[in-house]
Amino acid sequence: MAHGNPHSRFTQLIDAALAAGTLTAIATGGALLGLGWREGEAGRVFRLAGRGLLERVGVASSAAPLTSVALGYLHHLVIATGWGVLLALLVLPWRGVTRVTAALLAAAGYAMLALWVLPSTLRIGYAVTGTPPGVVAIGAAVAVALLSSVWIAVGEGYNSPTGDAEV
């Protein structure tokens, strides 16, 4: 691929952002399982998220316990991937130490938004991560995912608007 082609650079940026979104879903999924294990039930966060979503549309979650877990997990996949892609689009255009700093600031920014601004439906982990312990775990997982995506972007050849292959 020619580095001078703007379409090629855009495609590389989107590919890198989607990889970051996938990493974010994986990393935050692990954090949510850890939060559940701490409470004695690994799928607790997914069950509670699904229950909240079902009750928003008027379905009693006790009537569909497995559905609530599945819906909570699907919610997680969509929301975490979306946040990962969005934050990666903010981080990936930077280069060098600035990119690493931007990744850490983006994760901290997400954590602050989740704690004080975002409604539960837009939070990774739904309402369960609306408290400082939950937000810290998710923020750390987002930071790890974004920092990992920096190295994936370099390995895939996307590093900057000019296509330079440096961190």
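Everything below is about the structure shown above.
Reference entry: report on the structure contained in this document. Just so it is clear, the structure is predicted and the values come from calculations on it, not from any experiment.

Rules of the game
- Residues numbered from 1 in each chain as written.
- Predicted model: local features only at pLDDT ≥ 70, side-chain atom pairs only at ≥ 80, totals over all residues.
- Heavy atoms only, no water.
- Phe/Tyr/Trp six-rings, centres within 6.5 Å; stacked < 30°, edge-to-face > 60°.
- Helix = DSSP H or I, 4+ residues; strand = E, 2+ residues; numbered from the N terminus.
- Buried < 20%, exposed > 50% of the residue type's maximum accessible area, 1.4 Å probe, protein only.
- Core = buried A, V, L, I, M, F, W, Y, C linked by side-chain atoms within 4.5 Å.

### Re the packing of aromatic side chains
So, step 1. All chains considered together, the criterion is met by two aromatic pairs.
So, step 2. An angle of 65° between the planes, with centres 4.9 Å apart, marks the rings of Trp83 and Tyr110 as edge-to-face. In this pair, Trp83 is assigned in helix H3 (residues 65–91) and Tyr110 in helix H4 (residues 96–116), connecting sequence segments 27 residues apart.
So, step 3. Here Trp83 falls in the buried class, since its relative accessible area comes to 15%.
So, step 4. By relative accessible area, which is 3% here, Tyr110 ends up buried.

### Some words on the environment of Thr101
So, step 1. Within the secondary structure layout, Thr101 lies in helix H4.
So, step 2. What makes Thr101 partly exposed here is its relative accessible area of 38%.
So, step 3. Measuring from C-alpha to C-alpha, the distance between Thr101 and Val91 comes to 8.8 Å, with 10 residues separating the pair along the chain.

### A short note on the nonpolar core
So, step 1. Counting residues in hydrophobic clusters, the biggest one holds 33 residues, and the most contacted among them are Tyr110, Ile124 and Val142.
So, step 2. Counting only elements with at least two residues in this core, the list comes to helix H1 (6–38), helix H2 (44–56), H3, H4 and helix H5 (132–156).
So, step 3. The element that contributes the greatest number of residues to this core is H1, accounting for eight residues.

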